[in-house]
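Notes for the structure review
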Amino acid sequence: MKVITAPEAFDFKDGYSIFLAGSIEGDTAQRWQDIVIEKLKNNHGTLLNPRRAAWDASWKQDIENPVFKEQVCWELEALEKADLIVMYFDKNTKSPISLLELGLFAKSRKLVVCCPDGFWRKGNVTIVCERYHVSQVQSLEELIYEVKMKMG
């Protein structure tokens, strides 16, 4: 698997593309993206990882901040263009942007969601997934299995 991290340019010459959406709250969220990358490293395709190596939590989250705007625009474009969006809600986080992205892409037919018990808005996530026929699993292992099945 080719891994592209924000804000690197991306193309999909390597086949199937997967966006790693979900919890990224500093030191609170599990580094679940690293686990998915490791488990899929021998597959063919492209993983789009929004977890920026040089993120600074003190950056002002404002449209006038070019670094912040670049990050958000990169994520939105990658979400729109990816073949599959995997979304993981870490139970130790609030993940407001992930919840926003779930709402934006629930009708896309390209989401697989993992929302373990204990996530503060699991009920909302489950209802959205049920209503829009989004595949939902309970563990990171199940999420990785679903990704492999969808990749063929």
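Calculation notes
- Residues numbered from 1 in each chain as written.
- Predicted model: local features only at pLDDT ≥ 70, side-chain atom pairs only at ≥ 80, totals over all residues.
- Heavy atoms only, no water.
- Helix = DSSP H or I, 4+ residues; strand = E, 2+ residues; numbered from the N terminus.
- Buried < 20%, exposed > 50% of the residue type's maximum accessible area, 1.4 Å probe, protein only.
- Contact = heavy atoms within 4.5 Å.
- Pairing = 2+ DSSP bridges.
- Axes fitted to C-alpha atoms, helices over the stretch in contact; angles between N-to-C directions.
- Salt bridge = Lys/Arg side-chain N within 4 Å of Asp/Glu carboxyl O.
- Patch = residues over 30% accessible without salt bridge, like charges linked within 9 Å, V, L, I, M, F, W, Y side chains within 5 Å.
- Areas by Shrake-Rupley, 256 points an atom, 1.4 Å probe, with all protein chains shown as cover.

**Overview of the environment of Phe12**
Structurally, Phe12 can be placed in the loop between β1 (2-5) and β2 (17-22). The exposure class of Phe12 is partly exposed, given its relative accessible area of 28%. A sequence separation of 91 residues divides Phe12 from Gly103, and the C-alpha atoms of the two residues are 25 Å apart. If we ignore the near neighbours within four places in the chain, the residues touching Phe12 are Ser17, Thr46, Leu48, Lys81 and Ala82.

**Looking at the environment of Asn49**
Here Asn49 shows up in strand β3 (residues 46-49). Using a relative accessible area of 4% as the deciding quantity, one classes Asn49 as buried. C-alpha of Asn49 to C-alpha of Thr28: the two residues are 21 residues apart in sequence and 18 Å apart in space. If near-sequence neighbours (up to four positions away) are discounted, Asn49 is found in contact with Val3, Ile4, Thr5, Ala6, Leu20, Gln33, Ile37 and Trp74.

**Digging into the sheet that holds strand β5 (residues 111-114)**
If you trace the 6 strands from one edge of the open sheet to the other, you get β1-β3-β2-β4-β5-β6, paired in parallel fashion. For this open sheet the edge positions go to β1 and β6 (135-137), each flanked by a neighbour on one side alone. Adjacent strand axes in the sheet meet at a mean angle of 20° when their direction is disregarded. Looking at chain direction, β2 and β3 are connected through 3 bridges and run parallel. In the strand pairing of β3, Phe19 is matched with Leu48. Against the sheet, helix α3 (residues 96-105) contacts β2, β4 (84-88) and β5, and its axis sits at roughly 145° relative to β4.

**Focus on the pattern of salt bridges**
Opposite charge on two side chains lets them pair, provided their charged atoms get close. A full pass over the atoms with the stated rule returns 5 salt bridges. A salt bridge links Lys41 to Glu38; its shortest N-O distance comes to 2.8 Å. For Arg52, the salt bridge goes to Glu70, with nearest N and O atoms at 3.0 Å. Remark: Glu70 occurs in helix α2 (residues 66-81) and Arg52 occurs in the loop between β3 and α2; sequence separation between them is 18 residues. On the basis of relative accessibility, which here comes to 14%, the residue Arg52 falls in the buried class. By relative accessible area, Glu70 is classed as partly exposed at 36%.

**Digging into a nonpolar patch on the surface**
Taken together, the side chains of Val72, Leu76, Ile97, Leu100 and Leu104 define a hydrophobic patch exposed on the protein surface, amounting to about 410 Å² of accessible area. A per-element tally of the nonpolar patch places α3 first, with 3 residues. Looking at the secondary structure, you find Leu100 in helix α3. The class for Leu100 is partly exposed, based on a relative accessible area of 49%.

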